[in-house]
Amino acid sequence: MREFNFEGLFIFDMANNHQGDIEHGLNIIRAMGEVSKEAGVRGALKFQFRHIDTFIHPDYKDKKDIPHIPRFVSTRLSDDDYKLLTKEVEKQGLLKICTPFDEKSVQLILDLDIELIKVASCSADDHPLLEKIVGTNRPVIVSTAGLMLSQIDRLVSFLNYRSVIFALMHCVALYPTPEDKLRLNQIELLKNRFPDVTIGFSTHENPDNYSAIKIAFAKGARLFERHVGIKNSEYNLNKYSSLPDQIANWIKAYHRAVD
(Lines give C-alpha, C1' and ligand atoms only; values in the text may rest on other atoms or scores of the structure.)
Protein backbone atom coordinates (compact mmCIF):
# COMPACT_ATOMS: atom_id res chain seq x y z
CA MET A 1 0.00 0.00 0.00
CA ARG A 2 1.30 3.45 -0.94
CA GLU A 3 1.91 5.79 1.99
CA PHE A 4 -0.01 9.05 1.78
CA ASN A 5 -0.42 12.18 3.92
CA PHE A 6 -3.97 13.48 3.61
CA GLU A 7 -3.46 16.56 5.80
CA GLY A 8 -3.67 19.92 4.06
CA LEU A 9 -5.11 18.44 0.86
CA PHE A 10 -7.74 20.45 -1.05
CA ILE A 11 -9.92 18.43 -3.42
CA PHE A 12 -11.59 20.25 -6.30
CA ASP A 13 -14.48 18.07 -7.49
CA MET A 14 -15.31 18.78 -11.12
CA ALA A 15 -17.99 16.04 -11.18
CA ASN A 16 -20.12 16.69 -14.30
CA ASN A 17 -19.43 20.43 -14.37
CA HIS A 18 -17.37 19.88 -17.52
CA GLN A 19 -20.84 19.61 -19.16
CA GLY A 20 -19.55 16.92 -21.52
CA ASP A 21 -17.40 19.60 -23.19
CA ILE A 22 -13.72 18.64 -23.17
CA GLU A 23 -12.46 22.21 -23.64
CA HIS A 24 -14.67 23.45 -20.82
CA GLY A 25 -13.27 20.70 -18.62
CA LEU A 26 -9.70 21.66 -19.50
CA ASN A 27 -10.45 25.28 -18.60
CA ILE A 28 -11.80 24.25 -15.20
CA ILE A 29 -8.64 22.23 -14.52
CA ARG A 30 -6.41 25.15 -15.56
CA ALA A 31 -8.35 27.53 -13.34
CA MET A 32 -8.08 25.22 -10.33
CA GLY A 33 -4.39 24.69 -10.99
CA GLU A 34 -3.82 28.44 -10.93
CA VAL A 35 -5.79 28.86 -7.70
CA SER A 36 -3.87 26.03 -6.05
CA LYS A 37 -0.49 27.47 -7.06
CA GLU A 38 -1.34 30.99 -5.91
CA ALA A 39 -2.69 29.70 -2.59
CA GLY A 40 0.35 27.50 -2.01
CA VAL A 41 -1.66 24.38 -1.16
CA ARG A 42 -1.66 20.77 -2.29
CA GLY A 43 -4.56 20.49 -4.67
CA ALA A 44 -6.28 17.51 -6.25
CA LEU A 45 -8.74 17.51 -9.15
CA LYS A 46 -11.51 14.97 -8.72
CA PHE A 47 -13.41 13.14 -11.43
CA GLN A 48 -16.50 10.97 -11.17
CA PHE A 49 -16.57 7.86 -13.34
CA ARG A 50 -19.67 5.92 -14.34
CA HIS A 51 -19.64 3.26 -17.04
CA ILE A 52 -22.90 4.50 -18.52
CA ASP A 53 -23.60 1.40 -20.67
CA THR A 54 -23.84 -0.77 -17.55
CA PHE A 55 -24.46 1.82 -14.82
CA ILE A 56 -27.87 2.80 -16.21
CA HIS A 57 -30.30 -0.03 -16.96
CA PRO A 58 -31.17 -0.14 -20.70
CA ASP A 59 -34.87 0.35 -19.92
CA TYR A 60 -34.09 3.69 -18.23
CA LYS A 61 -31.54 5.29 -20.56
CA ASP A 62 -34.12 7.42 -22.37
CA LYS A 63 -36.13 8.43 -19.32
CA LYS A 64 -36.36 12.19 -18.81
CA ASP A 65 -38.32 12.22 -15.54
CA ILE A 66 -35.34 11.06 -13.44
CA PRO A 67 -33.03 14.12 -13.44
CA HIS A 68 -29.72 12.32 -12.97
CA ILE A 69 -30.13 10.09 -16.00
CA PRO A 70 -30.21 12.77 -18.73
CA ARG A 71 -27.48 14.61 -16.79
CA PHE A 72 -25.16 11.60 -16.82
CA VAL A 73 -25.94 10.69 -20.43
CA SER A 74 -25.59 14.22 -21.81
CA THR A 75 -22.26 14.85 -20.07
CA ARG A 76 -20.69 11.53 -20.98
CA LEU A 77 -17.00 11.63 -21.92
CA SER A 78 -14.89 8.95 -23.61
CA ASP A 79 -11.87 7.24 -22.08
CA ASP A 80 -9.69 9.22 -24.48
CA ASP A 81 -11.31 12.45 -23.26
CA TYR A 82 -10.45 11.53 -19.68
CA LYS A 83 -6.90 10.77 -20.77
CA LEU A 84 -6.59 14.35 -22.05
CA LEU A 85 -8.11 15.74 -18.87
CA THR A 86 -5.86 13.75 -16.55
CA LYS A 87 -2.78 14.83 -18.51
CA GLU A 88 -3.82 18.45 -17.95
CA VAL A 89 -4.26 17.77 -14.23
CA GLU A 90 -0.67 16.52 -14.11
CA LYS A 91 0.53 19.53 -16.10
CA GLN A 92 -1.13 21.85 -13.58
CA GLY A 93 0.71 20.17 -10.70
CA LEU A 94 -2.48 18.75 -9.17
CA LEU A 95 -3.03 15.25 -7.86
CA LYS A 96 -5.64 13.09 -9.57
CA ILE A 97 -8.55 11.63 -7.62
CA CYS A 98 -11.72 9.89 -8.77
CA THR A 99 -14.98 8.54 -7.40
CA PRO A 100 -15.92 5.34 -9.27
CA PHE A 101 -19.54 4.23 -9.11
CA ASP A 102 -19.00 0.77 -10.63
CA GLU A 103 -16.27 -1.83 -10.99
CA LYS A 104 -15.49 -1.03 -14.64
CA SER A 105 -14.69 2.54 -13.64
CA VAL A 106 -12.08 1.29 -11.17
CA GLN A 107 -10.19 -0.24 -14.07
CA LEU A 108 -10.23 3.12 -15.86
CA ILE A 109 -8.72 4.68 -12.73
CA LEU A 110 -5.84 2.19 -13.00
CA ASP A 111 -5.46 2.77 -16.75
CA LEU A 112 -5.16 6.53 -16.19
CA ASP A 113 -2.83 6.12 -13.18
CA ILE A 114 -5.10 8.15 -10.90
CA GLU A 115 -3.43 8.37 -7.50
CA LEU A 116 -6.37 8.57 -5.09
CA ILE A 117 -9.82 6.98 -4.93
CA LYS A 118 -12.90 8.46 -3.28
CA VAL A 119 -15.70 6.20 -2.09
CA ALA A 120 -19.11 7.86 -2.32
CA SER A 121 -21.34 7.39 0.71
CA CYS A 122 -23.93 5.69 -1.51
CA SER A 123 -21.35 2.95 -2.15
CA ALA A 124 -20.81 2.15 1.55
CA ASP A 125 -22.53 -1.24 1.19
CA ASP A 126 -21.44 -1.98 -2.38
CA HIS A 127 -19.03 -4.77 -1.45
CA PRO A 128 -18.04 -5.82 -5.00
CA LEU A 129 -17.05 -2.20 -5.67
CA LEU A 130 -15.27 -1.84 -2.33
CA GLU A 131 -13.30 -5.03 -2.92
CA LYS A 132 -12.28 -3.77 -6.35
CA ILE A 133 -11.19 -0.43 -4.88
CA VAL A 134 -9.06 -1.89 -2.08
CA GLY A 135 -7.43 -4.18 -4.64
CA THR A 136 -5.94 -1.16 -6.45
CA ASN A 137 -3.41 -0.46 -3.69
CA ARG A 138 -4.43 3.24 -3.77
CA PRO A 139 -5.07 5.56 -0.81
CA VAL A 140 -8.80 5.91 -0.26
CA ILE A 141 -11.05 8.71 1.00
CA VAL A 142 -14.51 7.71 2.22
CA SER A 143 -17.53 10.01 2.39
CA THR A 144 -19.82 9.44 5.38
CA ALA A 145 -22.88 11.40 4.25
CA GLY A 146 -26.09 9.80 5.48
CA LEU A 147 -24.33 6.84 7.08
CA MET A 148 -25.13 5.53 10.54
CA LEU A 149 -22.23 5.13 12.95
CA SER A 150 -22.58 1.37 12.69
CA GLN A 151 -22.02 1.60 8.92
CA ILE A 152 -18.97 3.83 9.39
CA ASP A 153 -17.61 1.40 11.98
CA ARG A 154 -17.96 -1.48 9.52
CA LEU A 155 -16.23 0.49 6.77
CA VAL A 156 -13.34 1.43 9.04
CA SER A 157 -12.96 -2.19 10.14
CA PHE A 158 -13.08 -3.35 6.52
CA LEU A 159 -10.36 -0.91 5.46
CA ASN A 160 -8.16 -1.51 8.50
CA TYR A 161 -8.35 -5.28 8.05
CA ARG A 162 -7.04 -4.85 4.50
CA SER A 163 -4.31 -2.38 5.59
CA VAL A 164 -5.72 0.40 3.39
CA ILE A 165 -4.39 3.95 3.84
CA PHE A 166 -7.61 5.95 4.17
CA ALA A 167 -9.33 9.10 5.43
CA LEU A 168 -12.95 9.81 6.35
CA MET A 169 -14.89 12.85 5.17
CA HIS A 170 -17.77 14.40 7.08
CA CYS A 171 -20.38 15.33 4.51
CA VAL A 172 -24.05 16.28 4.36
CA ALA A 173 -25.89 15.04 1.28
CA LEU A 174 -28.03 18.14 0.74
CA TYR A 175 -27.20 20.12 -2.39
CA PRO A 176 -26.79 22.93 -1.40
CA THR A 177 -26.56 22.41 2.37
CA PRO A 178 -28.34 25.04 4.54
CA GLU A 179 -26.13 26.49 7.27
CA ASP A 180 -28.29 24.96 10.01
CA LYS A 181 -27.77 21.47 8.52
CA LEU A 182 -23.96 21.40 8.33
CA ARG A 183 -23.62 19.22 11.47
CA LEU A 184 -20.00 20.24 11.99
CA ASN A 185 -19.91 18.56 15.42
CA GLN A 186 -19.80 15.29 13.49
CA ILE A 187 -16.17 16.08 12.62
CA GLU A 188 -15.22 16.07 16.29
CA LEU A 189 -17.21 12.89 16.85
CA LEU A 190 -15.36 11.11 14.02
CA LYS A 191 -12.01 12.42 15.24
CA ASN A 192 -12.61 11.08 18.75
CA ARG A 193 -14.03 7.77 17.53
CA PHE A 194 -11.19 7.12 15.06
CA PRO A 195 -8.14 8.93 16.49
CA ASP A 196 -5.72 7.30 14.04
CA VAL A 197 -7.71 8.33 10.95
CA THR A 198 -7.46 11.69 9.18
CA ILE A 199 -10.90 13.38 9.14
CA GLY A 200 -11.97 15.78 6.42
CA PHE A 201 -14.89 17.99 5.43
CA SER A 202 -16.65 17.64 2.07
CA THR A 203 -18.88 20.67 1.67
CA HIS A 204 -21.98 21.67 -0.26
CA GLU A 205 -22.94 24.89 1.52
CA ASN A 206 -23.27 28.26 -0.21
CA PRO A 207 -19.94 28.93 -1.98
CA ASP A 208 -19.76 32.37 -0.32
CA ASN A 209 -19.80 30.80 3.15
CA TYR A 210 -16.21 31.08 4.40
CA SER A 211 -16.96 30.45 8.07
CA ALA A 212 -17.75 26.73 7.83
CA ILE A 213 -14.23 25.76 6.81
CA LYS A 214 -12.76 27.65 9.78
CA ILE A 215 -15.12 25.90 12.18
CA ALA A 216 -14.42 22.57 10.48
CA PHE A 217 -10.68 23.05 10.97
CA ALA A 218 -11.21 23.94 14.62
CA LYS A 219 -13.26 20.75 15.03
CA GLY A 220 -10.41 18.67 13.60
CA ALA A 221 -10.89 18.50 9.82
CA ARG A 222 -7.59 18.35 7.96
CA LEU A 223 -8.57 17.82 4.32
CA PHE A 224 -11.28 19.62 2.42
CA GLU A 225 -13.40 19.19 -0.68
CA ARG A 226 -15.68 21.40 -2.76
CA HIS A 227 -17.41 21.10 -6.11
CA VAL A 228 -15.88 23.50 -8.62
CA GLY A 229 -16.59 24.94 -12.03
CA ILE A 230 -16.53 28.04 -14.19
CA LYS A 231 -19.22 30.00 -15.97
CA ASN A 232 -19.32 31.31 -19.53
CA SER A 233 -21.95 32.41 -22.03
CA GLU A 234 -22.93 28.80 -22.67
CA TYR A 235 -22.72 27.18 -19.24
CA ASN A 236 -23.96 28.28 -15.83
CA LEU A 237 -23.07 26.75 -12.48
CA ASN A 238 -25.19 25.07 -9.81
CA LYS A 239 -25.72 26.64 -6.39
CA TYR A 240 -23.29 24.40 -4.48
CA SER A 241 -20.28 24.64 -6.84
CA SER A 242 -17.58 27.28 -6.39
CA LEU A 243 -16.01 29.60 -8.94
CA PRO A 244 -12.20 30.03 -8.90
CA ASP A 245 -12.33 33.29 -6.92
CA GLN A 246 -14.63 31.67 -4.35
CA ILE A 247 -12.18 28.76 -3.97
CA ALA A 248 -9.36 31.27 -3.48
CA ASN A 249 -11.33 33.00 -0.71
CA TRP A 250 -12.26 29.62 0.80
CA ILE A 251 -8.60 28.65 1.07
CA LYS A 252 -7.73 32.08 2.52
CA ALA A 253 -10.32 31.41 5.22
CA TYR A 254 -8.60 28.10 5.94
CA HIS A 255 -5.23 29.84 6.27
CA ARG A 256 -6.73 32.35 8.73
CA ALA A 257 -8.04 29.42 10.82
CA VAL A 258 -4.64 27.71 10.78
CA ASP A 259 -2.84 30.94 11.76
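Below is a summary of the structure that appears in this document.

### A closer look at the packing of aromatic side chains
Link 1 in the chain: In total, this model carries ten aromatic pairs according to the counting rule given.
Link 2 in the chain: Seen in terms of ring centroids, tyrosine 175 and tyrosine 240 are 5.1 Å apart; in terms of plane orientation they differ by 70 degrees. Their pairing is edge-to-face. In this pair, tyrosine 175 is assigned in the loop between β6 (166-171) and α8 (185-193) and tyrosine 240 in the loop between β8 (223-228) and β9 (241-242), connecting sequence segments 65 residues apart.
Link 3 in the chain: Grouped by ring-pair contacts, the aromatic residues Phe10, Phe217, Phe224, Trp250 and Tyr254 constitute a single cluster.
Link 4 in the chain: The side chain of arginine 50 reaches across the aromatic face of phenylalanine 101, ending 4.0 Å from its centre.

### Some thoughts on unusual backbone geometry
Link 1 in the chain: Residues tyrosine 175 and proline 176 are joined by a peptide bond in cis, for which omega reads -5 degrees.
Link 2 in the chain: With respect to the element layout, proline 176 can be found in the loop between β6 and α8.
Link 3 in the chain: Of note, the phi angle at glutamine 19 is positive, near 60 degrees, even though the residue is not glycine.
Link 4 in the chain: A relative accessible area of 22% places glutamine 19 in the partly exposed class.
Link 5 in the chain: With a phi angle near 50 degrees, arginine 183 is a residue other than glycine that sits in the positive phi range.
Link 6 in the chain: Inspection of the secondary structure puts arginine 183 in the loop between β6 and α8.

### A short note on helix α10 (residues 244-258)
Link 1 in the chain: Between its terminal C-alpha atoms α10 stretches 21 Å, which fits the 21 Å expected from 15 residues at 1.5 Å a residue.
Link 2 in the chain: All of the buried residues along α10 are Gln246, Ile247, Trp250, Ile251, Ala253 and Tyr254. Projected down its long axis, α10 carries its buried residues within an arc of 150 degrees, all on one side.
Link 3 in the chain: The inward-facing, buried residues of α10 abut β1 (9-13), α1 (22-39), β7 (198-203), α9 (212-219), β8 and β9.

### Re the pairing of β1
Link 1 in the chain: In terms of burial, β1 is a largely internal element, five of the five residues being buried.
Link 2 in the chain: Pairing of β1 with strand β2 (residues 42-49) involves five bridges; the strand directions are parallel. Of the residues in β2, the one forming a bridge with phenylalanine 10 is glycine 43.
Link 3 in the chain: For the handedness criterion, the β-α-β arrangement of β1, α1 and β2 is classed as right-handed.

Rules used throughout
- Residue positions are given per chain, counted from 1 along the sequence in the order it is written.
- Local features in a predicted model are, by the rule used here, given only for residues with pLDDT of at least 70; side-chain atom pairs are given and counted only at 80 or more, and totals for whole chains, interfaces and linings are based on all residues.
- Only hydrogens and water are removed before side-chain values are computed, so all heavy atoms of the structure are retained for them.
- A pair of aromatic rings is counted whenever rings of Phe, Tyr or Trp (Trp by its six-membered ring) have centres within 6.5 Å, and the orientation is called stacked for planes under 30 degrees apart, edge-to-face for over 60 and tilted otherwise.
- Numbered from the N terminus, helices here are DSSP runs of H or I no shorter than four residues, and strands are runs of E no shorter than two.
- Placement of a charge over a ring requires the Lys NZ or Arg CZ to be within 6 Å of the ring centre, with the centre-to-atom vector within 35 degrees of the ring normal.
- Relative accessibility under 20% of the residue-type maximum defines a buried residue, over 50% an exposed one, and the middle range a partly exposed one, all with a 1.4 Å probe and only protein chains included.
- Working rule for helices: expected span equals 1.5 Å times residues minus one.
- By definition, the arc is the one covered by directions from the helix axis to the C-beta atoms.
- Every residue pair with non-hydrogen atoms within 4.5 Å of one another is taken to be in contact.
- Any two strands between which DSSP finds at least two bridges are classified as paired.
- Crossovers are described as right-handed under a simple rule: with the strands pointing away from the observer, the path leading from the first strand over the helix to the second runs clockwise.

Fair warning: the whole summary comes from geometry, so function is off the table for now.
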